[in-house]
Every structure is written in C-alpha cells, then in structure tokens.
Amino acid sequence: MDPEVSAVRLTVWEAVHILSSSEDGGRIFCTLGSLKRYLGETENSALPEEQEEFARIHFSTFLRCLVGKLSPDWLELLPDGQMEELWASFFLEGPADQAFLVLMESIEGAASPSFRLMKMARLLARFLSVGRMAAVMEGQCRQQAGPAFPLLQETLLTKVVGLPDLLGNRLQRENLATFFPQNYFPLLGEEVLRVLQVVVDSLRGGLDCSVSFLSQVLGKACVHGRQKEVLGVLVPRLTVLTQGSCLWQRVCWCLVERVPDWAMEAVLKGFVEAAPGPEVLSRLLGNLVTKSKKAQFVMTRKLLFLQYSCTMPMLQSLLGYLAMDSQRRSLLMQALKELLETWGSSSAIRHVPLVQQCYVSKAILICLAHLGEAELRDSQDELLASLMEGVKSRLDSSLPPVRRLGMIVAEVASARIHPEGPPLKFQYEEDELTREMLALAMPQPTADGPSEAGPSFAPVSGETPDRETVDRSGPQVGPEGSDSELDSDDEFVPYDMSVDREQRSSKAPSYVRGCLEALTGSEDWEHWEAALRALEGLIFRSPAATQEVSVELAKVLLHLEEKTAVAGFEGLRQRALVAVTVTDPARVAEYLTAQFYALNYSLRQRMDILDVLTLAAQELSRPGRLGKAPQRGSPDPGSQPGGAVVPAWRAVVEERVRRKTRRFSKGSVGRAPAVGPNEFNSVAGYFFFPLLQHFDRPLVTFDLLGGDQLVLGRLAHTLGALMYLAVNTTVAVPMGKALLEFVWALRFHGDAYVRRGLLSAVSAVLLSVPAERLLADLLDELLEARSWLGAHELPRLLQASPRTWASEHICIRRGREGPRRGLQAAGSEGTTASGEAPRQAPPALLSLAPDPQEACPAGRVRAGGQHVGRRCSWYSLECLRLSEDSASGPRVLPATDWDWDVASEAWAPGRLLSPVPPCSLQTAELGPLGLGAS
C-alpha cells in the first residue's frame, strides 16, 4: 500500500470522525481548513497525486458528510457566518461535477419544507451564479486518459437539463427565481458558450477536446421545448463568432453533427427559427444535411411535408440554406420535385388542410426562386408533368382557395420552368395572400454567382415603374423661370364634373322585341349595350309582350357573350334572365332545367342556370311582390334622363328644421308585414324536379358524379334553397321526399363542398315540410337520414342556430318584426323596429340564435328525452313544437303563429297565415348556395 495514498485516506477518515463527534467550532474549523489543501486553493497545497486521489475517491463522501451535519446549531458554532462560508467553499471550489451531483442528491432527499432543503437550494443558486455549471460541462469536454463513464454522463445530462423541473417539484411555492425555466435555460446557453470558448482556446493551444456532451445537453434541452431560451442566446453569439473564424465554424459544425438522432429534429428546427437568414444558417450548420441522414430527412422532408408550422422567414431560411452550397443544391431540386408531386396529388387536395396546402405552395415558389434556369431545364419534362397534373386537380376542386393556389403556382412555375413557351394566365382576385406569394416568386441570386439565376419573373399584375427611372427616362424639366412654369394653370379652379353623364349616340329600345333584335343582330355596340341595360325594366313593364318571346329571350341571354367591355355585364345578364323567368316561370324554368343537362354547355353556363333558378324562385316567393314596383339593380346613369340633384343648401335647411321642431309623440314608423299568396307554389315543380332527373347520367363533357363535383355541390345547395322557398306549398312533401332520396344516394360523397350541400338540403326539408306530414309521409326517409347523420345529429340540427345552421347551409333570414310583433330578429340587439324594448318570446318557440342576455322562456324543446332549450335570441317565424308526453314520447306538433295581446300583455296563439309566404332571401347571403362563389 502506497503510504502517501494512505495518508490522504487517514486524513479524510479523521476529518469525518471529528465532524461526526465534535461540537468544538474551532477544532472543526481547523479540520476543514486542513482538507482544503487537497482542493489546490491554499498556499501549502497538496501534491497533484494527492489532489487527484481526494477528488476521485473521497470528495463525494466528504460532501455527503458535510450535508449531514447541516443544521442551524452547527452553523452557529462560529460567529459571523464563518462556518457556513467554509462549508459552502467545498461545493464552490471542489470538482464541479461531483459537487453538483451531491447538491441535487441532497435536495431530492431532503424533507420538504425544511431548513436543509432551503439552504441547499440557495447554495445551488449560488453555484449557478458563479459559473460552476460551465465547469461541470467543461470537465466532460476535456478528454480523459482513462476510460469514459457513460453512466456518469447520462446522470449529469439528466440533472443539468431537468434541474428546473426537479427544483420546482421539490420547492413548490418556495421556488427561487433562478430555477424558473425562463431564467435557467438562457443561463445554460451562456454557460455552453463559455465552454465552447474554452474548447476553441484549447484547440488553438494544441489540446484535444470533445463537444459530445455539449451536443447532448443542447439536444435534450431542445427536446424539452426550450429551443427559444437556449438558442436565443447561442445563435446571436455564434453568428458573430463564426463570421470571421474558420475554427469557430468547425466547432459549431461539430456541435450540431454530434447531436443524437433523437434530438436532431428539435435542434434543427430551433436553429432554423433562430437564424436571421440562410447565410447565417449555412455558417452554423455547414453541410450537415449531406453528412447526416437524419438531418437530411428533417430538413428536406419533415419540415416541408409533415409539418407546416414554420413561418415564412423560417421557410425561406431553410430552402435558402439548401441553395447556398453546390453540394446541397441537388437536395433543393429533389425537394422541389417532391413538393410538386405532393402539391398535385388529388388525394392530398381532398384531405390535407388548406393551411398546409398554402404552405407547400409557398415552398414551391421559394424553390423556384432559388433555382437557376439551367438547373430547371435539366428536369423540365418531369417538373412540367407534375405541374400540369397538379393544375388539373386543383382547378377541378370545388373550393375557391384551392383553385386560386393552383392558378398562382401555375403562372409562376410555368414562367420559370418553361420560359420559352406560352405563359399561363388566369383571372383571380388579388389579396394579401396573392401578393405575398408573388413576392416569394421573385428569383434570388444563387451562391455560385448571378449568372445561374433565372430570368426575372414579372408578376401577373402590372407593376408601376420606379419614380427615379421614369424621371430619368422622361423629358427633362426646364430650368427655373422657363415658359413652362409661366404658363402653368395651377391657379385656376377646375369645374365640378361629378354629375356629368356620358353622352350616348344610340337610343335604347322601347320594346322587348327591339331589345331581342338588338342583342342578336345589331352591329352597333352602343345600341347593343343600351338594349342590355334597358331590358330588365322593359320586361317588368311589359309582361304580356315578354311572355310571347320568353323562351327565345332566355335562350339569347343564356348564350350571350360579352363583346365589349361593358361594366357589370354579368350582373345585367343575370338580372335580365331572372326577370324573364319571373315573368313566365313555367316555360322558362322548363327550358332552363332542360338545358342544364344538355350537351355543349360550359360549367359556367350550367352554374348560371342554377343561380337564375334560385334568384327567380326567391323573387316569386317574396311577400307582397305584386304590390310593389320592382327596384332592381342600379340603372345606368347614361341611359336615364337627368334627374334633379338635391342642392346642398336644402339638406342643411331640412336638418335645421328637424332639429328645432318639437314633437310630443311619434307614430309607429314600422310598416305592417307584407302578406300575399306564394306565387312559387304553382310553379315549384318546374324548378325542382327536372334538376333531379338526370344527375346520375354522364354526358360527353359533363359528369356530375365524376370530375364535375363543383357543379354537383352547387346543385345540392340550389335544391336546398328551392326546397326552403317552397315552404307551406302543396308540393313541399313530394319535393322533400325526392330531395331526401337524392341526399341518400350521395351521402358518402368524398367532396366536402358536396356534403355541405347535402346537409343544407336536409335542413331545408326539416324547415319546409309541415311537422305532421314530416313524420307521417317522410318517416322512413328521416330514419335513414338519422342513421347517416348519427344518433345525436338530428337533435342538434333541430336546435342549431341560424348563425351556424342557416348561414352555412341555407343562409335564410326571416324578418317579421313590427309594431304588433315585437320579436327580436336573430343577430339583432336593443329595441325593435317600433322603438319598443324586445318582448319575451312566446312559449315553445324554437330557439335559433344564441344571446347570453336573453333567457329561455318556460316553453322548452326536448329531443330524445334531452333538454335542449338554452339562453337565446328569438326568431320571428313559425316554429316546431315538440310535446313532452311521457307516454307517447316526444312528437312534433303543428307550427303556430303568435300575436302580442295588448290587453293581457302576453303572447297568445294567433291565426295561422295560410299560406305563409316565405321570407325574403338576401342575395348577398347566398354564398353557400352557390350564388356568390367564384
């Protein structure tokens, strides 16, 4: 046995014995002071061999002994805190890894709460504040001559990264601010930087070091979700340090290369998020994607296809990083091919969220901006094939945003991939998303030089040239005092030309036949436009003359094309078609429904037919339509005689008179609700049933059950609207039966737009068919619909609000409030139209719109034995009432109209208007019905 080693062991044993048995503060102080020479911090330090033996064998045991003696009485053996300071010095000056493990072990084993626990926690906070965590990691980075201890490294890794969680669980409400995650992990990032500086200095001095432990710490911290805290400190400092030092770049590359595979995704995502640009990301990561399969999978697959949470700066940094080096550009081209393949997949279009589709589209545009013309030419055929397939699939979609994404990407990609060919051009609305995507498509200079970058791509919309360029290329302004300045007319006030009207040389026709002749054979385009603008008014003024040529006129309008740039051409044509359909509904509806399934019609024309049928049915079912002159559209100022313009002084005088006039009472300003026969009753069958006849028969260019799912969805919404507009008609029951059979045939359709139209149809049947006939004649169809919608879907439909039901499915708004009916309309607040406060709703009225300020009345709705009444805003319409007879179960009772009894100040059942005309259907609200969709 080595006598020197025995001396160290005997000294430690003697010190432990004194600490355990002695209560003399001076003796304990001398004993602890004698052991400090093994730490190398005193003048008479022990030999290096003795220090190594003490640190390797005896230090942990001695620290545990110090922890065991910790108590208030023991610390007061010496005055002025000398004992506590000497006791803490062993943890702060000895081997950092062992001191850290003993501290964590004592904190986990201490009783909570206790004096020892709080002392150890404060000591650990002091341990972190003096930078001892850097010493813990530095000790693992220096390569040892002896074998490595993986168990020790794993224990240290767990304690270092999990310190906030461990301390939070132990200290609970007494936790210190140093151990909060938002404070600890930035501190950990600073300690990692300090260790990296030591590694770089050691490499410059010729000493070998390893950063594997730092890589594991970084990876585990990022896996715990602390990328922002750690990398928010690391990346800015590394950006500066790697800018002019190749050694720092190599150390940083080694740091990320040694990250374990299980943490590679979290680390790379954190770097992409924290890096300010692709140049910085390239300096920090190097060619990591070419060396690590896991990193390549994360950067080229995971962050592009399986996740879509990256922001646009992150996506630009990621793809720009792949384009920064020639060794990585092949991966960028491969990513573009896979992106185009995924973008054009019909299955992905149907099942992938729209947000992810937009994300993939932006990634494609960024890839095209980074790739040069020569690189794109090498894979031109493959890229064009994927692009054309994707464009076809997206233009076939029934969702306008999906189609718009296809148009934008097709325009940009075709111009970049095949610049010598004819460019693709589409018409779409420009919004913020469109402008952002076109900005992403601008080519970026490549790393190998500007010669490889493709030709500049100009967006679809024309751009205004720079002001400086215009000034430079335009004529030079004359010198000061020239004739041009003297002849300036700036001091003259221009005439007010706001009420001027365009002078037209052609006179509008005065008869319907004249308009028909002008639209079919006139070569005078001003006369043609004047006839189109005057046609709607002439149709309503001359219904008898219109009925003589109604079918011929509908045929001309259906095939009418815009030959000149007429403002509002589509609206004029549609309103004229609606007018002629309203004037002669049976014959024109029969013609239009027959043409819907005819050959040689475009999808646009077929959808126009559906829109016209819906608008005409709405007009025919409008209450009091015959009593009013139709006010349709905005007449052309040029075609109308000049009207008198109200002078400004008259408005000022009327306002003064109104303000100074004292009124003692006001009469009711509300008008009585319009009542009249439903003209749609006698012609509903002409509108509805022909549309259901041939939907399952494919034509050469038209297949509703095939690729024309957009028209099928529009057809389902149109049928639902027609069904609702036929409320209280004699044909409502056969229409509901046929419509439910149509829904049953298409209930498993794969397109979401079509399924939403089917839900709209089911909702319209429930609203339109009388309650007693609903259960008597349509019981089998309702049970089938219930089995399709689920056991709980039908009660939810019955109690759904118009904000979520009508606006998404049928978009119908009833409004019958007036002086006698003080019901509050859905979505309205405050007083009624008569100025009175809204009265409480009648009993058993079906609640439609939620309103937290109005309570549900005593009458309540039950479905399936469950109470579905709730706080609501009431709707002025005939409603379904479900009885609560426990013997026979819930059943639907007839709808009842309610009146406000002024004498009794209560609601009373009133007479049922027979038939009750459907309420007005606002055209602006018919987006889901297919009228406003592009």
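Cut-off values and rules
- Residues numbered from 1 in each chain as written.
- Predicted model: local features only at pLDDT ≥ 70, side-chain atom pairs only at ≥ 80, totals over all residues.
- Heavy atoms only, no water.
- Helix = DSSP H or I, 4+ residues; strand = E, 2+ residues; numbered from the N terminus.
- Buried < 20%, exposed > 50% of the residue type's maximum accessible area, 1.4 Å probe, protein only.
- Contact = heavy atoms within 4.5 Å.
- Areas by Shrake-Rupley, 256 points an atom, 1.4 Å probe, with all protein chains shown as cover.
- Salt bridge = Lys/Arg side-chain N within 4 Å of Asp/Glu carboxyl O.
- Axes fitted to C-alpha atoms, helices over the stretch in contact; angles between N-to-C directions.
- Parallel < 35°, antiparallel > 145°, perpendicular 65-115°, else oblique.
- Nonpolar A, V, L, I, M, F, W, Y, C, P; charged D, E, K, R; others polar.
- Phe/Tyr/Trp six-rings, centres within 6.5 Å; stacked < 30°, edge-to-face > 60°.
- Lys NZ or Arg CZ within 6 Å of the ring centre and 35° of its normal.
- Left-handed = near helix turned anticlockwise from the far one by under 90°.
- Core = buried A, V, L, I, M, F, W, Y, C linked by side-chain atoms within 4.5 Å.
- Polar contact = N/O pair within 3.5 Å; in protein donor to acceptor, adjacent residues only side chain to side chain.
- Disulfide = S-S within 2.5 Å.

Visitor: Sorry, what's going on with the overall build of the chain here?
Guide: If you tally the helices and strands in the chain, you get 44 helices and six strands. Within the chain, the proportion of its 934 residues that are buried is 48%. Partitioning the contacts of the chain with sequence separation of at least 6, the portion at a separation of at least 24 is 72%. Total accessible area on the chain is roughly 46,600 Å²; 52% of this is exposed by carbon and sulfur atoms.

Visitor: Looking at this structure, how should I read the pattern of salt bridges?
Guide: Pairing between side chains of opposite charge can happen when the charged atoms of each approach one another. Within the structure shown, the criterion is met by 30 salt bridges. Between Glu 105 and Arg 64 there is a salt bridge; the shortest N-O distance is 3.3 Å. Highlighted residues: Glu 105 in helix 6 (residues 96-109) and Arg 64 in helix 3 (residues 48-69), separated in sequence by 41 residues. Classification of Arg 64 as partly exposed rests on a relative accessible area of 40%. For the salt bridge of Arg 575 with Glu 536, the shortest nitrogen-to-oxygen distance reads 3.4 Å. With Arg 575 in helix 33 (residues 569-583) and Glu 536 in helix 30 (residues 525-541), this residue pair connects regions lying 39 residues apart in the sequence. Members of the salt-bridge network, linked through shared partners, are Glu 570, Arg 573, Arg 604, Asp 608, Asp 611 and Arg 714.

Visitor: How do you make sense of the packing of helix 33 against helix 34 (residues 585-596) when you look at a structure like this?
Guide: In a packed pair of helices, the relevant descriptors are the angle between the two axes and the axis-to-axis distance. Two numbers describe how helix 33 lies on helix 34: the axes approach to 6 Å, and their chain directions differ by 125°. Overall, the two elements helix 33 and helix 34 adopt an arrangement that is oblique. Residue-level contacts link Val 580, Thr 581, Val 582 and Thr 583 of helix 33 to Pro 585, Val 588 and Leu 592 of helix 34. Here the contact of helix 33 with helix 34 is built from residues that sort into five nonpolar, two polar and no charged.

Visitor: When you look at the packing of aromatic side chains in this model, what are you seeing that I'm missing?
Guide: To describe a pair of aromatic rings, one takes the distance between the centres and the angle between the planes. Here the structure, examined in full by the defined rule, presents 14 aromatic pairs. Pairing Phe 695 with Phe 742 gives two aromatic rings, centres 4.9 Å apart and planes at 80°, and the pair type is edge-to-face. Of this pair, Phe 695 sits in the loop between helix 37 (684-688) and helix 38 (709-725) while Phe 742 sits in helix 39 (residues 732-745); the two residues are 47 residues apart in sequence, bridging distant segments of the chain. What makes Phe 695 buried here is its relative accessible area of 13%. Overall, Phe 742 belongs to the buried group, its relative accessible area being 3%. The structure contains a cluster of three or more aromatic residues connected by ring pairs, namely Tyr 38, Phe 54, Phe 59, Phe 62 and Phe 90. Stacked on the ring of Tyr 321, the Lys or Arg Arg 328 has its end atom at 4.2 Å from the ring centre. The lysine or arginine in question, Arg 747, covers the ring of Trp 744, its NZ or CZ lying 3.6 Å from the ring centre.

Visitor: Would you explain unusual backbone geometry in this entry?
Guide: The general pattern is negative phi for most residues beyond glycine and trans for most peptide bonds. Even without being glycine, Asn 600 reaches a positive phi, approximately 60°. If you trace the backbone, Asn 600 turns up in the loop between helix 34 and helix 35 (603-620). The residue Asn 728 is not glycine, and still its phi comes out positive at about 65°.

Visitor: How should the environment of Cys 65 be read in this particular structure?
Guide: Topologically, Cys 65 is positioned in helix 3. For the pair Cys 65 and His 17, spaced 48 residues apart in the sequence, the C-alpha separation amounts to 9.8 Å. Setting aside its immediate chain neighbours within four residues, Cys 65 contacts Val 16, Leu 19 and Ser 20.

Visitor: In this structure, what is going on with the side chain of Arg 132? I would like to understand it.
Guide: Relative to the assigned elements, Arg 132 resides in helix 8 (residues 132-141). Apart from the residues within four sequence positions on either side, Arg 132 is in contact with Phe 91, Leu 92, Glu 93, Gly 94, Pro 95, Ala 96, Phe 127 and Glu 191.

Visitor: How do you make sense of the packing of helix 6 against helix 8 when you look at a structure like this?
Guide: At their nearest, the axes of helix 6 and helix 8 sit 8 Å apart, and the two run at 120° to each other. Classified by the interaxial angle, the pair formed by helix 6 and helix 8 is oblique. The two elements helix 6 and helix 8 meet at a crossing, and its hand is left-handed. Residues Ala 96, Asp 97 and Phe 100 of helix 6 lie in contact with helix 8, whose contacting residues are Arg 132, Met 133, Ala 135, Val 136 and Gln 140. For the contact of helix 6 with helix 8, the class distribution of residues is five nonpolar, one polar and two charged.

Visitor: Sorry if this is basic, but what is going on with the side chain of Gln 380 here?
Guide: In this structure, Gln 380 sits in helix 24 (residues 380-395). Filtering out sequence-adjacent residues up to four positions away, Gln 380 remains in contact with Ile 417, His 418 and Glu 420.

Visitor: Looking at this structure, how should I read the nonpolar core?
Guide: Formed by 151 residues in total, the largest nonpolar core has its most connected members in Phe 91, Phe 100, Leu 124, Phe 127, Phe 271 and Leu 336. When residues no more than four places from it in sequence are discounted, the contact partners of Phe 91 are Leu 63, Val 67, Ala 99, Val 102, Leu 103, Met 120, Leu 123, Phe 127 and Arg 132. In terms of nonpolar packing, the next biggest core, distinct from the first, is built from 89 residues, Leu 516, Val 549, Leu 577 and Tyr 753 among them.

Visitor: How do you make sense of the environment of Glu 570 when you look at a structure like this?
Guide: Mapping Glu 570 onto the fold places it in helix 33. For Glu 570, a relative accessible area of 48% gives the class partly exposed. Within the structure, Glu 570 has its side chain in polar contact with the side chain of Arg 573 (distance 3.4 Å).

Visitor: Which parts of the structure should I look at to understand the state of the cysteines?
Guide: In a disulfide, the sulfur atoms of two cysteines are covalently bonded to one another. What the rule picks out here adds up to zero disulfides. Cys 209 carries a free sulfur, and the closest cysteine sulfur to it, the one in Cys 141, is 7.1 Å from it.

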